[in-house]
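Chain and residue survey
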There are 2 protein chains.
Amino acid sequence: MTDAEQTYDVIVLGAGSTGENVADIAVRGGLTAVLVESELVGGECSYWACMPSKTLLRGSEAIAAARAVRGAAEAVTGEQDVAATLARRDDFTSHWDDAGQVSWVDGAGIALVRGHGRLAGEKRVVVAQPDGTELVLVARHAVAVCTGSRAAVPPVDGLADIQPWTPREATSAKEAPGRLLVLGGGYVGCEMATAWQQLGASVTLLQHGERVLPDLEPAAGDAVAASLRALGVDLRLGTRVDSARREGGEVVLGCGDEEVRGDEVLVATGRTANSDAIGLETVGLEPGGYLEVDETLQVAGVPWLYGVGDVNGRALLTHMGKYQARQAGHAIVTRARGEQVDLGDWSPSVATADRRATPSVVFTDPQVAAVGLTAAQAEEQGLPHRVVEYAIGGVAGAGVYADGYTGTAIAVVDTDREVLLGVTFIGPGVAELLHSATIAVVGEVPISRLWHAVPSYPTISEVWLRLLETWRG
Amino acid sequence: MTDAEQTYDVIVLGAGSTGENVADIAVRGGLTAVLVESELVGGECSYWACMPSKTLLRGSEAIAAARAVRGAAEAVTGEQDVAATLARRDDFTSHWDDAGQVSWVDGAGIALVRGHGRLAGEKRVVVAQPDGTELVLVARHAVAVCTGSRAAVPPVDGLADIQPWTPREATSAKEAPGRLLVLGGGYVGCEMATAWQQLGASVTLLQHGERVLPDLEPAAGDAVAASLRALGVDLRLGTRVDSARREGGEVVLGCGDEEVRGDEVLVATGRTANSDAIGLETVGLEPGGYLEVDETLQVAGVPWLYGVGDVNGRALLTHMGKYQARQAGHAIVTRARGEQVDLGDWSPSVATADRRATPSVVFTDPQVAAVGLTAAQAEEQGLPHRVVEYAIGGVAGAGVYADGYTGTAIAVVDTDREVLLGVTFIGPGVAELLHSATIAVVGEVPISRLWHAVPSYPTISEVWLRLLETWRG
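Residue indices begin from 1 for each chain and proceed along its sequence in written order. Whichever chain is written first is A, and whichever ligand is written first is 1; the rest continue in order. Residues qualify for local features only when their pLDDT is at least 70, as the model is predicted, and side-chain atom pairs are given and counted only at 80 or more; totals for whole chains, interfaces and linings, by contrast, use all residues. Hydrogens and waters are ignored; side-chain quantities use all the structure's heavy atoms.

1. Re the overall build of chain A
Stated precisely, the cut-off is as follows: Segments assigned H or I by DSSP are reported as helices when at least four residues long, segments assigned E as strands when at least two residues long, and all are numbered from the N terminus. Each radius of gyration reported is based on C-alpha atoms, and the globular scaling rule is 2.2 Å times the count of residues to the power 0.38. Summary of the burial criterion: residues with accessible area below 20% of their type's maximum are buried, those above 50% are exposed, and those between are partly exposed, where the area comes from a 1.4 Å probe applied to protein chains only. Any two residues having at least one pair of non-hydrogen atoms within 4.5 Å are treated as being in contact. For the purpose of counting charges, residues Lys and Arg are taken to be positive, whereas Asp and Glu are taken to be negative. His and the chain ends are not included. By convention, the charge on Lys lies at NZ, on Arg at CZ, on Asp at CG and on Glu at CD.
In terms of helices and strands, chain A carries 15 helices and 21 strands. What you see for chain A is a C-alpha radius of gyration of 24 Å, in line with the 23 Å of a compact globule of 473 residues. Viewed in the frame of its principal axes, chain A has a C-alpha envelope of about 70 × 65 × 45 Å. Within chain A, the fraction of its 473 residues that count as buried is 60%. For chain A, restricting intrachain contacts to residue pairs at least 6 apart in sequence, the fraction spanning at least 24 positions comes to 62%. Mean positive and mean negative side-chain charge positions of chain A (36 and 61 charges, respectively) differ by 3 Å.

See below:
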């Protein structure tokens, strides 16, 4: 039995940054919107992903940067205060309290309902509220599913039973584990191995494949693997884990004939969509798995339903979820007005960048900042291209930044159109270089015009000139 | 009497980075080229400007960055090793030895003549060589004047007589002066005041106007003034210096009724073109002053003569000199082939960025990174525009970078074309953000497309999204 019914123009399931942005755009477009959230408003990124992981890494990065400059290195005579770093992390997650986010939601004119929401037929959502009552929400125009994703525990014998750490526990741990085993060498595994090794843990990273960061340019994985080892991480590539158990307080992983022991194990082998318990079956869709959506993030065959952010599997990154939210929000508002949505590439209602220009930064040491296509992806897509590489250490600004600077810039150039398909920067302090590449890729700025974009001397960005000179030959 | 005569396609007067690049492009285009240099090959930037000034600043910057992160700050228990910083600076200037540059010139297939070169009529240069002999050089196609600029000593009574420091002495000093007086609050004055104050000097900065960095957005000068004061610099704005003298080892500057005393005085009030002793009168031009050139850097009325880099006064920055060198080099090669030069904006032979997209970074704390037009310049040029501002401290990535991050981003948007006319970033660690703005301005990427250029979370670059949101309102 339901206790109440409320009607809004737009219902948003999930109040992470993606959901917040869909609702915000809807309200800015003159619609009413309600957010439904069963956990903390603000979502994964604020509490258990980007924010805490980057604060865990930043202290070590700043210390390493000072140690890399002769003259400054001499000032770094002490050690990082791990307790202070953890306390700083706690502040950045607002101590896992969402009052600030809730106040933003209020200020934005968005309604908020706490509880677990499930679809219940066309444009209807039933929320199981914390007090045990049910609330029925009815959408005039659209329901946006922004429920995100969660860590997927791989089907390793015994693993699910020993309560492994997921990225949530890894980013919110109150102290460094003594020995941390990390399963998976994607960006989460590499970042968490880097962070906790530097904060005092002995980390073993087990990666199934022969390379970490397998989706990025091979040079990125090679550089990060070397740095993990230099930090003291026991990196085991090509290692398959067959079994997991606890013995006393100890975690024991079986890898073929060998056993690896630690105090905790972090599972960072992938994500799964939060789409299994949201009533998709009531609207004719299969629960579980990523929602299939079009370029406006509209669910295939269900025109009033949108799948935005991680839940559609297009680009599992906070900033891309927010981007999709802006685009889907625009599409929802446009359609609610009875207007036609522009389906062309780069229109305000389509998420073209998902395919063409998704940027990401891996905050390891070195950092890996990449946007657009890798050489392998350009190859796969059959695009005519040439790869241009330059060792960033040869740039004066990089030498000034750090003694013995080592890094690589890789540009994938479309040889027909002479525009950039993708760019990867690998090296310390390259995170802020990335947006230059993102604008070049998104803007489809021709190489001939990029020659007029002069990097300021002496910055690391001068690598742009070197890439152009290398391209020219 | 002349001892010898040699003929080249292109003669380049001055082997700084600008001259080197003109010669390099000429040789790459199949021409022969000779560089004439009376000082060190590599020029001002390598030995007495960018490279040493930035190495003097980098140590303090890296230490400040670590101190700004709770947890990391605790590791910085010592002080900068000033001797080590100065030794590092010496390494970056190759100990004022140009062997490395000479070897690059050789490898590039460029001839090099040491000595002072002067024009001696059409396409002729006479070089007074160090051994006292003269060499006559004849150009088949072009002579490029790349003699740069030098510090201008303002007409203050007595100043020229007391051997003030110029930027050369300020960047190459073997130890920190006890009390350093700095005349001029442009970027050189601000950078050198920041550097030497942090390296142990007591700096007094005297600025004629009411603001430092007067050519940049007012917020930049205000932020840098506040930071200079916070560092302990005695900053005196609106101060006119009337006289200068030495008393014993002391420098005494008269400022109205007041006297200011120090151990050295750095004159950083502007530059003057090195065009007074290069024989311009032999080709019908007035010696002294900036060479008047067109968009291809060709001197007005003398088609075989080019003025490239500081000497033309268009944009007195190393990277812009090199840019002009590439453009002028292209024009020289094209014309030598008897082909027509494309005079359109952004063509490979014209230096459009000089007017539209000159980037610069002031390496103070906070850094100021700017490209294109300021609001005042847009106003002056009568361009329809709107200014969009955002406090960078509100960006998550900035908060992670430094506790209490303070900074400002300012975008000047052309309201007719909806493209960026200029962007300024003020804040710690913003130097590498600049190239994103440079590409956006040069590429004339419309605001509507920039929405698809998603900044990676959490980086300082997320300020781009905030600027767009502020623009949207």
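Anyway, onward from the coordinates.
2. Focus on the domain arrangement of chain A
Quoted interface sizes are often the accessible area lost when the parts come together. Under the convention used in this document: Residue ranges for the domains trace back to a domain assignment, done automatically or taken from a database.
Per the domain assignment, the segments making up chain A are domain 1 (4-42 + 98-150 + 272-353), domain 2 (159-269) and domain 3 (366-472). Summarising the inter-unit geometry, the C-alpha centres of domain 1 of chain A and domain 3 of chain A are found 36 Å apart.

3. Brief notes about the packing of helix α1 (residues 17-28) of chain A against helix α9 (residues 318-336) of chain A
All names here are of chain A. How we decide: Between the N-to-C directions of two axes lies an angle of 0 to 180 degrees, each axis being a line fitted to C-alpha atoms and, for a helix, fitted only over the stretch in contact. We call two directions roughly parallel when the angle between them is under 35 degrees, roughly antiparallel when it is over 145, roughly perpendicular when it lies between 65 and 115, and oblique otherwise. Left-handed is the label given to a crossing in which the near helix is rotated counterclockwise from the far helix by less than a right angle, and right-handed is the label when the rotation is clockwise. Residue classes follow a fixed rule: Ala, Val, Leu, Ile, Met, Phe, Trp, Tyr, Cys and Pro count as nonpolar, while Asp, Glu, Lys and Arg count as charged, and any other residue, Gly among them, counts as polar.
At their nearest, the axes of α1 and α9 sit 8 Å apart, and the two run at 25 degrees to each other. With respect to each other, α1 and α9 are oriented roughly parallel. Of the two possible hands of crossing, α1 and α9 adopt the one that is right-handed. Of α9, the residues touching α1 (which contributes S17, T18, N21, V22, I25 and A26) are T318, G321, K322, A325, R326, G329, H330, I332 and V333. Taken together, the residues that form the contact of α1 with α9 break down as six nonpolar, seven polar and two charged.

4. Details of the sheet that holds strand β13 (residues 258-262) of chain A
All names here are of chain A. Selection rule: Paired strands, in this sense, are two strands between which DSSP finds at least two bridges.
On the basis of which strands lie adjacent, the open sheet formed by three strands has the order β11-β12-β13 and antiparallel pairing. What marks the edges here is a single partner per strand, and that holds for β11 (243-247) and β13. Neighbour to neighbour, the strand axes of the sheet diverge by 25 degrees on average, direction disregarded. Where strand β12 (residues 250-255) meets β13, five bridges bridge the pair, whose relative direction is antiparallel. Each bridged residue has a counterpart across the sheet, and for C255 the counterpart in β13 is E258.

5. Digging into the relation of the copies chain B and chain A
Rules: In this comparison the copies share one frame, found by least squares on the C-alpha atoms of residues holding pLDDT of at least 70 in both.
The operation relating chain B to chain A is a screw motion whose rotation component is 180 degrees, with 0.0 Å of axial translation and a residual RMSD of 0.0 Å. Both copies of the chain, as the preceding transformation shows, are related through a two-fold rotation axis. Every residue of chain B has its C-alpha some distance from the rotation axis, and the shortest such distance is that of S436 of chain B, at 1.8 Å. Comparing interface residues between copies, 100% of those in chain B also lie at the interface in chain A; the contact surface is shared.

6. A look at the UniProt feature "binding site: FAD" (unreviewed entry) in chain A
For clarity, the threshold we go by: UniProt positions are given in the numbering used here, feature names are shortened, and annotations may be inferred rather than shown by experiment.
Taking the numbering used here, the UniProt-annotated feature "binding site: FAD" (unreviewed entry) corresponds to K54, G117, T147, G148, S149 and D310 of chain A. Across 257 residues in sequence, these annotated residues place their C-alpha atoms as far as 30.8 Å from one another, rather than forming a single compact spot. Tracing the chain through its elements places K54 of chain A in helix α3 (residues 50-67). In contact with K54 of chain A, other than residues within four places in its own chain, are E191 and F363 of chain A together with V400 and P458 of chain B.

7. Notes on the sheet that holds strand β11 (residues 243-247) of chain B
Residue and element names in this part refer to chain B. Spatially, three strands are ordered β11-β12-β13 in an open sheet, and the strand pairing comes out antiparallel. Lying at the two open borders of the sheet, with one neighbouring strand each, are β11 and β13 (258-262). Going from strand to strand, the sheet's axes swing by 25 degrees on average, the running direction of each strand aside. Bridging between β11 and strand β12 (residues 250-255) involves five bridges; their strand directions are antiparallel. Across the sheet, the residue bridging to S243 is G254, located in β12.

8. Examining the packing of helix α3 (residues 50-67) of chain B against helix α4 (residues 82-92) of chain B
Residue and element names in this part refer to chain B. Running from N to C, α3 and α4 point in directions that differ by 155 degrees, and their axes come no closer than 9 Å. In terms of axis orientation, α3 runs roughly antiparallel to α4. α4 is crossed by α3, and the crossing has right-handed handedness. Where α3 abuts α4, its residues M51, P52, T55, L56 and R58 lie against T85, L86, R88, R89 and F92.

9. A word on the interface of chain B and chain A
Using the following cut-off: In short, buried area is how much 1.4 Å probe accessible area vanishes from two parts on joining, totalled over both. One speaks of a salt bridge when a side-chain nitrogen belonging to Lys or Arg is within 4 Å of a carboxyl oxygen belonging to Asp or Glu. Side-chain atoms alone can form a polar contact between residues adjacent in sequence; in general such a contact is a pair of N or O atoms within 3.5 Å, and within protein one must be able to donate a hydrogen while the other accepts it.
Counting residues at the interface gives 85 residues for chain B, matched by 85 residues for chain A. For the pair chain B and chain A, the summed buried surface comes to about 6,800 Å²; carbon and sulfur atoms form 61% of the total. Summed over the three residues of chain B that lose the most area to chain A, namely E432, H452 and Y457 of chain B, the buried surface amounts to 12% of that side. Counting the contacts that link chain B with chain A gives eight salt bridges. As a salt-bridge pair, R88 of chain A and D403 of chain B come within 2.7 Å of each other at their nearest N and O atoms. The interface formed by chain B and chain A holds 41 residue pairs in polar contact (both at pLDDT 80 or more) in total. When residues in the side of chain B that touches chain A are grouped by element, the largest group, 10 residues, is from α3 of chain B.

10. A look at the pattern of salt bridges
Evaluated as defined, the whole model comprises 74 salt bridges over all chains. The partner of K54 of chain A in a salt bridge is E191 of chain A, with the nearest N and O atoms 2.9 Å apart. Of this pair, K54 of chain A sits in helix α3 while E191 of chain A sits in helix α7 (residues 187-198); the two residues are 137 residues apart in sequence, bridging distant segments of the chain. One salt-bridge network, in which partners are shared between bridges, spans E295, R314, D345, D354, R355, R356, D414, R417 and E444 of chain A together with R449 of chain B.

11. Quick word on the UniProt feature "domain: Pyridine nucleotide-disulphide oxidoreductase dimerisation" (unreviewed entry) in chain A
UniProt's entry tags residues 358-464 of chain A with the feature "domain: Pyridine nucleotide-disulphide oxidoreductase dimerisation" (unreviewed entry), counted in the numbering of this structure. When the span residues 358-464 of chain A is considered, its composition is 25% helix and 31% strand, and the gap between its end C-alpha atoms is 20 Å.

12. Thoughts on the side chain of S360 of chain B
Secondary-structure assignment places S360 of chain B in strand β17 (residues 359-362). Given a relative accessible area of 17%, S360 of chain B falls into the buried group. If we ignore the near neighbours within four places in the chain, the residues touching S360 of chain B are S456 of chain A together with L216, L317, H319, V368, A369, A370 and L434 of chain B.

13. Side note on helix α7 (residues 187-198) of chain B
Residues and elements named next belong to chain B. Inclusion rule: What a helix should span is 1.5 Å times the count of its residues minus one.
Compared with an ideal rise of 1.5 Å per residue, which puts 12 residues at 16 Å, α7 spans 16 Å between its outermost C-alpha atoms and is within 8% of the ideal. The buried fraction of α7 amounts to nine of the 12 residues, a majority that puts the element mostly inside the structure. Taken as a whole, α7 has its buried residues at G189, C190, E191, M192, A193, T194, A195, W196 and Q197. Once α7 finishes, G200 follows within two positions and takes phi at roughly 115 degrees, a positive value.

14. Comments concerning the side chain of E20 of chain B
Residues and elements named next belong to chain B. Tracing the backbone shows E20 in helix α1 (residues 17-28). For the buried E20, no salt bridge is present, and the opposite-charge side chain at shortest range is K322, 7.7 Å distant. Setting aside residues up to four positions removed in sequence, E20 forms contacts with A15, L35, V41, G42, Q101, W104, V105 and I110.

15. Some thoughts on the nonpolar core
Selection rule: What is meant by a nonpolar core is a set of buried Ala, Val, Leu, Ile, Met, Phe, Trp, Tyr and Cys residues, joined one to another through side-chain atoms within 4.5 Å.
Judged by nonpolar contacts, the single largest core of 262 residues is most densely connected at W196 and L305 of chain A together with W196 and L305 of chain B. Residues in contact with W196 of chain B, not counting those within four places in the same chain, are L56, L86, W165, A170, A173, E175, A176, P177, L180, A201 and V203 of chain B.

16. As for the packing of aromatic side chains
Residues and elements named next belong to chain A. We apply this condition: Any Phe, Tyr or Trp ring, taking Trp's six-membered ring, that has another such ring centre within 6.5 Å forms a pair; planes under 30 degrees apart are called stacked, those over 60 apart edge-to-face, and the others tilted.
Counted under the stated rule, the structure contains six aromatic pairs over all chains. Where F425 meets W464, the ring centres are 6.2 Å apart and the plane angle is 65 degrees; that geometry is what we call edge-to-face. Of this pair, F425 sits in strand β21 (residues 419-427) while W464 sits in helix α15 (residues 463-472), placing them 39 residues apart in sequence. The residues F425 and W464 share a single accessibility class, namely buried.

17. Some thoughts on the environment of V445 of chain B
For V445 of chain B, the location among the structural elements is in the loop between α13 (434-442) and α14 (447-450). For V445 of chain B, a relative accessible area of 2% translates into the label buried. In the structure, V445 of chain B is positioned 25 residues away from L420 of chain B in sequence and 7.7 Å away in space, judged by C-alpha atoms. Once residues within four sequence positions are removed from consideration, V445 of chain B is found in contact with I439, G443 and V445 of chain A together with V419, I439, A440 and L450 of chain B.

18. A short note on helix α15 (residues 463-472) of chain B
A turn of α-helix holds 3.6 residues, and therefore any two residues three or four places apart point the same way. All names here are of chain B. Within α15, eight of the 10 residues are buried, which leaves the element mostly enclosed by the surrounding structure. Turning to α15, its buried residues are V463, W464, L465, R466, L467, L468, E469 and W471. Two residues or fewer after α15 comes G473, characterised by a positive phi angle close to 80 degrees.

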